[in-house]
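Examination of the molecular architecture
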Amino acid sequence: MSEMPTGSSDVQRRTVLKGLGATLGAAAFATAVAPLRDLPNRLSAAELMQKHYKELDEDDKRTILNRLEDEAARDYGVRPEIRDQPPRSGTKFAYAVNLSVCSGNGKCVEACHRENNHDRATNQSYIRVLEMPKGSMDMGRGNTTYRHGVPAEDKFYMPVQCQQCDEPPCTDVCPVQATWKEPDGIVVVDYNWCIGCRYCEAACPYHARRFNWKKPEIPADEVNPVQGYLSNRIRPQGVVEKCHFCLHRTREGRLPACLEACPTGARVFGNLLDPASDIRWILENKRVFVLKEELGTKPSFFYFFDK
Amino acid sequence: MRNRTIVLIAAAGIGTALTVSWTWTTKSRADSPRQSRAVEQIPMPPPPDAASNAATMSNENTAGASAPRYSVTIRTPAPSPGVTTGLIDGQGRLVTVPCATCHSMVEPPPPASALGLQSLKNFHKGLVLEHGKLTCASCHNPEDSRTYRLADGTVVEGWDVMELCSQCHGPQRTDYDHGAHGGMTGYWDLAAGPRTRNSCTSCHSPHEPAFGPMRPTFKPIDRFLLDRDHHEGSPEDMTRE
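A brief report on the enclosed structure follows. Values in this document were obtained by computation on a predicted structure and should not be read as measured data.

Quick notes on the overall build of chain A
A count of helical and extended segments in chain A gives 9 helices and 12 strands. The burial tally for chain A puts 56% of its 307 residues in the buried class. Look at the contacts in chain A between residues 6 or more apart in sequence, and 65% of them connect residues 24 or more apart. Entry remark: accessible area of chain A is about 13600 Å², with carbon and sulfur atoms responsible for 54%.

Thoughts on the sheet that holds strand β11 (residues 287-289) of chain A
Residue and element names in this part refer to chain A. One open sheet holds the 4 strands; their spatial order is β10-β2-β12-β11, and the pairing between them is mixed. The open sheet is flanked by β10 (267-271) and β11, the only strands paired with a single partner. Strand-to-strand twist across the sheet, computed as the mean angle between neighbouring axes with direction ignored, equals 30°. Pairing of strand β2 (residues 93-98) with strand β12 (residues 301-305), which is carried by 4 bridges, proceeds in the parallel orientation. Counted as the bridge partner of V97 is Y303 from β12. Of the strands in this sheet, β2, β10, β11 and β12 touch helix α9 (residues 278-285), which is tilted by about 110° from β10.

Here we look at the nonpolar core
Within soluble globular proteins, side chains that are nonpolar generally end up buried alongside one another. All names here are of chain A. Of all hydrophobic cores here, the largest spans 65 residues; its most connected members are M158 and Y303. Counting only elements with at least two residues in this core, the list comes to α3 (58-76), β2, α4 (107-115), β3 (128-133), β4 (155-160), β6 (187-189), α8 (257-261) and β12. Sorting elements by how many residues they give to this core places β4 first, with 4 residues. Among residues more than four places away in sequence, those in contact with Y303 are V97, L99, M158, P159, V160, Q163, R287, V288, F289 and L291. The next biggest cluster of nonpolar side chains, apart from the first, holds 11 residues, and it includes W281, V290, F302 and F304.

Topic: the pattern of salt bridges
One pass over the full model with this rule turns up 33 salt bridges over all chains. For the salt bridge of E163 of chain B with R173 of chain B, the shortest nitrogen-to-oxygen distance reads 3.3 Å. Here the residue E163 of chain B occupies a position in helix α6 (residues 162-166), and R173 of chain B occupies one in helix α7 (residues 170-177), the gap between them amounting to 10 residues. We classify R173 of chain B as partly exposed; its relative accessible area is 22%. Three or more residues joined by partner-sharing salt bridges are found here, namely E110, R114, R120 and E222 of chain A.

What counts and how
- Residues numbered from 1 in each chain as written.
- Chains lettered and ligands numbered in written order.
- Predicted model: local features only at pLDDT ≥ 70, side-chain atom pairs only at ≥ 80, totals over all residues.
- Heavy atoms only, no water.
- Helix = DSSP H or I, 4+ residues; strand = E, 2+ residues; numbered from the N terminus.
- Buried < 20%, exposed > 50% of the residue type's maximum accessible area, 1.4 Å probe, protein only.
- Contact = heavy atoms within 4.5 Å.
- Areas by Shrake-Rupley, 256 points an atom, 1.4 Å probe, with all protein chains shown as cover.
- Pairing = 2+ DSSP bridges.
- Axes fitted to C-alpha atoms, helices over the stretch in contact; angles between N-to-C directions.
- Core = buried A, V, L, I, M, F, W, Y, C linked by side-chain atoms within 4.5 Å.
- Salt bridge = Lys/Arg side-chain N within 4 Å of Asp/Glu carboxyl O.

Shown next as structure tokens:
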């Protein structure tokens, strides 16, 4: 009989604790899902539900491109035409730069900046032109901030951008497979699948990848409205991007923007699988090298000299 | 009894939360099909390049010599406005005279004196000739100032200088013919579109052909590089535009 009050108070205590626990649990759950309520402002539900690029069918792509065009129109005041250019069969793209004539004037850097809708405030670009001391191939000795007249007497100039490696270290390290190598040799990024971990940026031996620290700022009249899903559409904040050989142009047969802008004619672009192409003639007849060959990355980007 | 009530209330709380989140999820799920249906109803206008794309594809399929190919155009330099006289007209413009104004009457000097550029003090003022050991008549046709003349006497009409320059610059011409020298615009794939190429004189002044120095105008703005400049850079490096 003396145990009864103890028992009843025990039951009461347990009940209270259960209730408390349940309430706390419900509150914690509510707090946990709270960010979802703010979500529509930053991220549309459709974007959240979007699948990996490789799993999209034509209908999905049309819906997504439409949505991205709407978003760009809302955010940048210009409605772009975003397309999804598939790789061309029988094509493997390659690039060669003539270091005998490159003068380091940086027109390619600027052309890339404009073509690919880079952030205006940071002068972002996929290309860096390294001013190198003659006799060295050590990228670490290169300088990108020179502002004197070019070419300087004791220097040579080496533009560096994504080398579109056949053994790309950057795609291997991506934990979510948001970046991969396409059949035409171009290494691409699905900006809507990238989680922004920047592993790829660290893995690239050529410093070719860039991270969008903030949402790119571009005046409406400077937005390039000809855009591709895997290339120059305006990137969201917090994702990695890189040179894609202007695939929105090159997959339609056009030359890359950096090549067209080069005032010295140092740049050569073409299809490696075409024996009659300019790029093949250069590989067969010029003194050609690739950057950091010892790493075994097998770049599709070549440097050559006139003699 | 009270025990059960509290548990029920808690369960109801969780249930509500779940319902809210479920409603939100289904709503968002419902969004996408609705959007895609809307797209299906309104047929997308074909992209402007669809036609040319299709052409490209068919070219690839038929692949080979029979595939139609677009042309490569070599830029023709604009005809020279003439020779600057060193005079300035009433509106402050340089007075230029067409070549034929004088050369239809005046006998050009023999090549030997032109080599010393003596005559250029009187005519062709401001013209600098820094091109190996060439004289005027190495390229210009003394018989007709509107044309050029190759070493074998062949007269070159108009402004097509490619053959003229190639007489001496063979290796450059070989490189040019294989796309390894000289800039271009347009299409790498001639089955998809045409290409325009620079001619020699698009980039090289025929009188001073050396490619002049340039000043880089576009530089990355990188806060880490800015810091580095601050510590070891020259004052020139620290001035930002």
